[in-house]
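Residue-level listing of the chains:
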Amino acid sequence: MTTAAAPPPLPGPTAPRRHPVDQVPPAGRLTVLSLQHVLAFYAGAVIVPLLIASGLNLTAAQTIHLINADLFTCGIATLIQSVGFWKVGVRLPIIQGVTTTAVSPIIAIGLAATGGEGGAQGLPMIYGSIIVAGLFTFLVAPYFAKILRFFPPVVIGTVLTTMGITLLGVSAGDITNYAEGTPAARDIIYALGTLGIIVLVQRFFRGFLGTIAVLLGLVIGTVVAVLLGDTSFSGVTEASAFGVTTPFYFGVPTFSLTAIVSMIIVMLITMVETTGDVFAAGEIVGKRIRPQNISEAIRADGLSTLLGGVLNSFPYTCFAQNIGLVRLTRVKSRWVVAGAGVLMIVLGVLPKAGAVVAAIPSPVLGGASLALFASVALVGIQTLSKVDLTDNRNSVIVGTSLGLAMLVSFKPDIAGVFPVWAQVFVSSGVTVGAISAIVLNLVFFHIGRQSGAHIATTTEGERIGITEVDAMDRETFVATFGSLFNGATWPLERAWEARPFSDATTLRAAIEDAVLAAERSEQDALVRTYPDMATLITADEEQAGAISQDVGSFALENLAEEDVEAVRDLSARYAERFDMPFVAYLGRTDSFDAIIENGVRRLDHSRGHERRVALTQVAEIAGDRFGIMVADANPIGSAWIRKFESLQ
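Numbering of residues starts from 1 in each chain and follows the order in which that chain's sequence is written. With pLDDT at 70 or above as the cut-off, local features in this predicted model cover only qualifying residues; side-chain atom pairs require 80 or more to be listed or tallied, and sums for whole chains, interfaces and linings still use all residues. To obtain the side-chain values, all non-hydrogen atoms of the structure were included, while hydrogens and water were left out.

K.L.:
Outline the overall build of the chain, supporting the account with residue identities and numerical values.
P.N.:
Helix and strand assignments come from DSSP, with helices taken as H or I runs of at least 4 residues and strands as E runs of at least 2, each series counted from the N terminus. Along the chain, the regular secondary structure elements total 30 helices and four strands. A 1.4 Å probe rolled over the protein chains alone gives each residue an accessible area, and that area as a share of the maximum for its type sets the label: buried under 20%, exposed over 50%, partly exposed in between. By the burial criterion, 51% of the 648 residues in the chain qualify as buried. Should any heavy atoms of two residues lie within 4.5 Å, those residues are counted as being in contact. Intrachain contacts of the chain at a sequence separation of at least 6 include 81% that bridge at least 24 residues.

So, in structure tokens, the structure goes:
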């Protein structure tokens, strides 16, 4: 008798596929990729302790210890951020490094603590302020979103611009080798040669080599100096083969209120930078970033900074160049970055590695730091380019803050006029500029505004204030602000849950946050509710009223037929490539050529990048509609609108 074959076993449940961020490459590949991150990061990491040591006139041995302590703590900080534990660490491929934002304030604190003479005696006060600022950052992380509105682009851009310009003074000191009077021509040649190498590498190389331009400049400049007998590595043979930084190596921390406040301002700026870096990293690796993730990243910054104060290092933040490397290599695993953290810890216990870095001649270091600090100023200028400087309030904030910062930078002896307790605040151009920008922003945009101001118009045409908006039920709120989006109500429903709103700015931020924190499918559906550019600019007045309420550009009338065909062709190519309508915010002075140029440039984007751009355009359109609706909350903006409406 034959028996029937047993039926095949039922397939078990399929294991869920791990996100690329959590995948672990094979050991060999992981090691190579981790080393690449270390190389891209190395110059930016070690230049901060070098600059601080130079500014404080530390000895070679003290400088080596700072470099090793920095690398060692960088490794720990990177593991905290990329691997994470509890509610600390964002668990993305993000390298942590010492922020250049802290260089000038740290030097100012150290010099103020020693009567302007410098030396290691000022380090305990520096580390005391870093420890408190790190603890502050850790504790304030969950609430940072609520104070983010006090750091708009006008404040951040002013601070970064001031920082970059004032730090150029440190570069100048290194370039001239701190000579009195006319510097040696040889030193200038070294500095310009190093800077030239960095520029040439950035001009002619792409990919990984382009990301390590500063490192190549330092290496080549130092090699030339060795060959010409202008530096030596004798300190490498004298350095120990192995050494671990010990807590409070330079003495028990001391605490100064002014130094602490100065360092807290630095950390507030780095929190804003970290927020941007985390959103960028999330977009690159394809992970949605929620407010909780920002809190986790900032907690990691705070804990790492606290450890930096204990382990003789400095404040920590995300390193943007390594986020760029993730985009470049398309390797999204956070374990690659964690491997880089382990390599940094290893380098941090090898004093000979620190001695190699300490042997870099000052002019070579100055040439490299000139490029770095100029790029910091450029980022600030780029940030300010997004600010409406025709608004007199913004121009006063930027002009006054930069002026005061430059005054202190050009005439540092002014600090002597003030009481001792205040000299830390006024001895650094960065600190003066930052405090001025923050205070003036509060004065112009937050103090005494919105009390009883009308900020919206109901469907019945009644002008209402923030108190009435807070009292609205969900349906009334959606009906009042429903015109901000093309038929989509979910952003308004979620924004309503964020009540109460303190002013029109927080109301607008809640609406924008609802869009940015939505699921990807919701965001894509929202973009598709908007007409493409061809439909929008070729519609007649009646059609435009049906598809869009925006004012639009006054420079698009009387288009030639070939122009119409060009925009139709562009919209069709865009839809074919991205499966989305070509949506763009149409400014009141945008020209047809600008629209075409913008669209052609966007065709070169990756699908992920263009999703973000399209969503940003939707937010710009909603913001423009909000500005029209909220006339009394933005009198300058509404006056600008009325100026163009009067031309009709």
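K.L.:
So, the packing of aromatic side chains: which residues are in play, and what are the values?
P.N.:
Classification of ring pairs rests on two measures: the distance between centres of Phe, Tyr or Trp rings, Trp counted by its six-membered ring, which must be within 6.5 Å, and the angle between planes, read as stacked under 30 degrees, edge-to-face over 60 and tilted in between. Evaluation of the coordinates by the stated rule reveals five aromatic pairs. On the numbers, 5.0 Å between centres and 45° between planes, the contact of Phe477 with Phe481 is tilted. Taken together, the residues span about one helical turn, with Phe477 and Phe481 both in helix H21 (residues 474-481) at a distance of four residues. When sorted by exposure, Phe477 lands in the same class as Phe481, which is buried.

K.L.:
Describe the environment of Val310, with residues and values.
P.N.:
Residue position: Val310 is located in helix H12 (residues 291-310). Given the relative accessible area of 19%, Val310 is considered buried. Along the sequence, Val310 and Thr245 sit 65 residues apart, while their C-alpha atoms lie 9.9 Å from each other. When near neighbours in sequence (up to four residues on either side) are disregarded, Val310 contacts Ile131, Thr246, Pro247 and Phe248.

K.L.:
Explain the packing of helix H4 (residues 123-140) against H12 to me, using residue names and the numbers behind them.
P.N.:
Interaxial distance between H4 and H12 falls to 7 Å at its minimum, and their mutual angle equals 160°. Classified by the angle between their axes, H4 and H12 sit roughly antiparallel to one another. Considering the relative orientation of H4 and H12, their crossing is left-handed. Residues Tyr127, Ile130, Ile131, Gly134, Leu135, Thr137 and Phe138 of H4 pack against Ile298, Arg299, Gly302, Leu303, Thr305, Leu306, Gly308, Gly309 and Val310 of H12. Geometry is summarised by axes, namely lines fitted to C-alpha atoms with helices restricted to the contacting stretch, and by angles between N-to-C directions that run from 0 to 180 degrees. Under this scheme an angle from 65 to 115 degrees is roughly perpendicular, one under 35 degrees roughly parallel, and one over 145 degrees roughly antiparallel; angles in between are oblique. Crossing chirality is assigned from the near helix's rotation relative to the far helix, an anticlockwise turn below a right angle marking it left-handed and a clockwise turn marking it right-handed.

K.L.:
Describe helix H28 (residues 592-603), with residues and values.
P.N.:
A helix is expected to span 1.5 Å for every residue after the first. Here H28 spans 17 Å end to end across 12 residues, near enough to the 16 Å set by a 1.5 Å rise per residue. Burial in H28 covers these residues: Phe592, Ile595, Asn598, Gly599, Arg602 and Leu603. Looking straight down H28, one finds its buried side chains confined to an arc of 140°; they lie on one side. Residues of H28 that are exposed and point more than 90 degrees away from the buried face comprise Asp593 and Glu597. Regarding the arc, it is the one traced by the directions from the helix axis to the C-beta atoms.

K.L.:
If you had to explain the packing of helix H2 (residues 60-82) against helix H14 (residues 334-348) to someone new, which residues and values would you point to?
P.N.:
Contact geometry for H2 and H14: axes closest at 7 Å, N-to-C directions at 155°. The angle between the axes of H2 and H14 places the two elements in the roughly antiparallel class. Crossing geometry of H2 relative to H14 is assigned as left-handed. The segment H2 lies against H14, with Asn68, Leu71, Phe72, Cys74, Gly75, Ile76, Thr78, Leu79 and Ser82 engaging Arg334, Val337, Ala338, Gly341, Val342, Met344, Ile345, Leu347 and Gly348.

K.L.:
Could you give an account of the nonpolar core, with specific residues and numbers?
P.N.:
Grouping buried Ala, Val, Leu, Ile, Met, Phe, Trp, Tyr and Cys residues that are joined through side-chain atoms within 4.5 Å yields what is termed a nonpolar core. By size, the foremost hydrophobic cluster in this structure holds 100 residues, and its most contacted members are Phe41, Leu92, Ile106, Leu123, Phe151, Val278 and Phe314. Counting residues per element, this core draws most heavily on helix H11 (residues 257-285), which supplies 15 residues. By size, the runner-up hydrophobic cluster in this structure holds 44 residues, among which are Leu492, Ala534, Phe582 and Phe592.

K.L.:
Explain unusual backbone geometry to me, and be specific about the residues and the numbers.
P.N.:
Positive phi, normally seen in glycine, also occurs at Arg91, with a value near 60°. When you line up the elements, Arg91 lands in the loop between H2 and strand S1 (96-98). In the Ramachandran plot, Asn312 falls in the positive-phi region, its phi being about 70° despite a non-glycine side chain. With respect to the helices and strands, the residue Asn312 is situated in the loop between H12 and strand S2 (316-318).

K.L.:
Please give an account of a nonpolar patch on the surface that cites residues and values.
P.N.:
Two joining distances apply to patches: 9 Å for like charges and 5 Å for nonpolar side chains (Val, Leu, Ile, Met, Phe, Trp, Tyr), and every residue must have over 30% relative accessible area and no salt bridge. Throughout, the Shrake-Rupley method with a 1.4 Å probe supplies accessible areas, and for residues the shown protein chains are the sole cover considered. When a carboxyl oxygen of Asp or Glu is within 4 Å of a side-chain nitrogen of Lys or Arg, the pair counts as a salt bridge. Together, Val219, Ile220, Val223, Val224, Leu227 and Leu228 give the surface a local cluster of nonpolar side chains, amounting to about 520 Å² of exposed area. Within the secondary structure layout, Val219 lies in helix H9 (residues 213-227). Owing to a relative accessible area of 43%, Val219 belongs among the partly exposed residues under this scheme.

K.L.:
Please provide a residue-by-residue account of the pattern of salt bridges, values included.
P.N.:
For the structure shown, the criterion picks out nine salt bridges. Residues Arg186 and Asp230 are paired through a salt bridge, measuring 2.6 Å at the closest nitrogen-oxygen approach. In this pair, Arg186 sits in helix H7 (residues 185-204) while Asp230 sits in the loop between H9 and helix H10 (234-238), placing the two residues 44 residues apart along the sequence. Residue classification places Asp230 among the partly exposed residues on the basis of a relative accessible area of 35%.

K.L.:
Mind laying out the confidence of the model for the chain, listing which residues take part and the relevant values?
P.N.:
Note on scores: pLDDT gives the predictor's confidence for each residue, bounded by 0 and 100. When pLDDT is averaged along the chain, the result is 77, and 82% of the positions lie at 70 or above. Mean pLDDT across the elements of the chain ranges from a minimum in helix H30 (residues 635-645), with 36, to a maximum in H4, with 93. Note on residues 549-555: pLDDT under 50 across the span, and 21 contacts to partners over four residues away in sequence or across chains.

K.L.:
Residues and numbers for the environment of Val515, please.
P.N.:
Mapped onto the elements, Val515 comes out in helix H23 (residues 504-516). Using a relative accessible area of 5% as the deciding quantity, one classes Val515 as buried. Taking the C-alpha atoms as reference points, Val515 and Ala495, separated by 20 residues in sequence, lie 9.0 Å from one another. If near-sequence neighbours (up to four positions away) are discounted, Val515 is found in contact with Phe485, Trp490, Pro491, Gln523, Leu526 and Leu615.

K.L.:
Help me get a handle on the side chain of Glu296, residues and values and all.
P.N.:
Position of Glu296 relative to the elements: it lies in helix H12. It turns out Glu296 is buried and unbridged, and the closest side chain with the opposite charge, Arg91, is 4.4 Å from it. Discounting chain neighbours no more than four positions away, the residues touching Glu296 are Gln81, Lys87, Val88, Gly89, Val90 and Arg91. In this charge count, Lys and Arg are treated as positive and Asp and Glu as negative; neither His nor the chain ends contribute.

K.L.:
Hey, could you go over the environment of Ile165 for me, with residue numbers and the actual values?
P.N.:
Secondary-structure assignment places Ile165 in helix H6 (residues 153-175). For Ile165, a relative accessible area of 35% puts it in the partly exposed group. Contact partners of Ile165, with chain neighbours within four places excluded, come to Ala377 and Met406.

K.L.:
Describe in detail H23, supporting the description with residues and values.
P.N.:
Its 13 residues place the ends of H23 18 Å apart at the C-alpha level, agreeing with the 18 Å of an ideal helix rising 1.5 Å per residue. Those residues of H23 that fall on the buried side of the exposure criterion are Ala504, Thr506, Leu507, Ala510, Ile511, Ala514 and Val515.

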